[in-house]
Amino acid sequence: MPLRSLIVVGNHPPVTQDDLSVALYKHLQPECLPKGPTAEGRLHLLGFDLDEELIHRAQSSNPYPRNISFIPLDITQDEASRAQLGTYLRGFGRSTFHLCVCLAVTMWVHLNHGDEGLLGLLSRLAALSDYLLLEAQPWKCYRSAARRLRKLGRSDFEHFKMLQIRGDMAENARHHLSNNCGMELMQSFGSTSWDRKLLLFRKRAEKDKS
């Protein structure tokens, strides 16, 4: 059985970020791997976030330090993130992760880095993964985030009014990943309790990329 490597990109409160990664590891470990004394070492998960304090808390409470790692990383920084993630993957003799999980991230990248930042994030994740599980926040979440900011007496997000990518954000993500990143939608798991679509993509075989 080959080694399985996963990456989790999340935007969650510090009390739940490490819980999510550990729960995912526990869920996938018995499903993906055979029983036996060496099974545990074949599944590895890497979680990262911008918040260094969150990462420190996750590391401190990590029950599986041999198999789950947490690092501070800015995925919007193309060259730096590619170098850091590439180093991690080479340690396992791989160039991509079997699965990338990206939850509650797309809106914040979009609001803070514009259309180019959102498309760059999706392209980067597609290049890193064989499978991509994506939760894209709907447009109503953008409006709510902007309202909260105004109630606090702060200025709008720098890029909010200039965004050209609007409307059905899950469909916008699907369109970019399918047309520009060599991925295909494998399954839609419906909407979460926050009314966010959860989509699973996979990298198309070379013969299907024409």
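Residues numbered from 1 in each chain as written. Predicted model: local features only at pLDDT ≥ 70, side-chain atom pairs only at ≥ 80, totals over all residues. Heavy atoms only, no water.

## A few points about the confidence of the model for the chain
- Put simply, the chain has an average pLDDT of 85, and 82% of its residues get 70 or more.
- Per-element mean pLDDT across the chain ranges from 62 in strand S1 (residues 4-10) up to 97 in helix H6 (residues 169-180). (pLDDT = per-residue confidence, 0-100. Helix = DSSP H or I, 4+ residues; strand = E, 2+ residues; numbered from the N terminus.)

## As for the side chain of His98
- For His98, the location among the structural elements is in strand S4 (residues 97-103).
- One polar contact links His98 to Arg94, side chain to side chain, over a distance of 3.3 Å. (Polar contact = N/O pair within 3.5 Å; in protein donor to acceptor, adjacent residues only side chain to side chain.)

## Some details on the pairing of S4
- With seven of its seven residues buried, S4 lies for the most part within the structure.
- Relative to strand S5 (residues 129-136), S4 runs parallel, the two being bridged by six bridges. Bridge pairing links Cys102 to Leu134 in S5.
- Read as a crossover between parallel neighbours, the route from S4 over helix H4 (residues 106-128) to S5 is right-handed. (Buried < 20%, exposed > 50% of the residue type's maximum accessible area, 1.4 Å probe, protein only. Pairing = 2+ DSSP bridges. Right-handed = clockwise from strand over helix to strand, strands pointing away.)

## Concerning a positive patch on the surface
- On the surface, a cluster of positive charge is contributed by Arg143, Arg147, Arg148 and Lys151.
- For Arg148, the position within the fold is in helix H5 (residues 139-151). (Patch = residues over 30% accessible without salt bridge, like charges linked within 9 Å, V, L, I, M, F, W, Y side chains within 5 Å. Areas by Shrake-Rupley, 256 points an atom, 1.4 Å probe, with all protein chains shown as cover. Salt bridge = Lys/Arg side-chain N within 4 Å of Asp/Glu carboxyl O. Lys, Arg positive; Asp, Glu negative; His and termini not counted. Charge placed at Lys NZ, Arg CZ, Asp CG, Glu CD.)

## Looking at the packing of aromatic side chains
- This structure, assessed with the given rule, holds six aromatic pairs.
- Taken together, the aromatic side chains of Tyr88, Phe92 and Phe97 make up a single cluster linked through ring pairs.
- Over the face of the ring belonging to Phe160 we find Arg166, whose NZ or CZ atom lies 5.8 Å from the ring centre. (Phe/Tyr/Trp six-rings, centres within 6.5 Å; stacked < 30°, edge-to-face > 60°. Lys NZ or Arg CZ within 6 Å of the ring centre and 35° of its normal.)

## Structural notes on the packing of helix H3 (residues 78-90) against H4
- At a minimum axis separation of 12 Å, H3 and H4 run at an interaxial angle of 20°. Taken together, the axis directions place H3 and H4 in an arrangement best described as roughly parallel. Of the two elements, H3 crosses H4, and the hand of that crossing is right-handed. Where H3 approaches H4, its residues Asp78, Ser81, Arg82, Leu85 and Leu89 are matched on the opposing element by Arg124, Ala127 and Leu128.
- Of the residues assigned to the contact of H3 with H4, the class counts are four nonpolar, one polar and three charged. (Axes fitted to C-alpha atoms, helices over the stretch in contact; angles between N-to-C directions. Parallel < 35°, antiparallel > 145°, perpendicular 65-115°, else oblique. Left-handed = near helix turned anticlockwise from the far one by under 90°. Contact = heavy atoms within 4.5 Å. Nonpolar A, V, L, I, M, F, W, Y, C, P; charged D, E, K, R; others polar.)

## Notes on the nonpolar core
- In this structure, Leu132 and Leu177 are the most contacted members of the largest nonpolar core, which totals 40 residues.
- When contributions to this core are tallied by element, the ones reaching two or more residues are strand S2 (43-49), H3, S4, H4, S5, H5, H6 and strand S7 (197-203).
- If you tally residues by element for this core, the top one is H4, at nine residues.
- When neighbours within four sequence positions are excluded, Leu132 is seen to be in contact with Leu99, Cys100, Cys102, Leu125, Leu177, Met183, Leu199, Leu200 and Phe201.
- Judged by nonpolar contacts, the second largest core, of 16 residues, contains Leu24, Tyr25, Leu103 and Leu200. (Core = buried A, V, L, I, M, F, W, Y, C linked by side-chain atoms within 4.5 Å.)

## Remarks on the packing of H4 against H6
- Put simply, H4 and H6 touch, their axes get as near as 9 Å, and they point 45° apart. Here H6 runs oblique to H4, going by the angle between their axes. As for how H4 packs across H6, the hand of that crossing is right-handed. Taken together, the residues of H6 that come into contact with H4 (itself represented by His110, Leu118, Leu119, Leu122, Ser123 and Ala126) are Met169, Ala173, His176 and Leu177.
- In the contact of H4 with H6, the residues fall into seven nonpolar, three polar and no charged.

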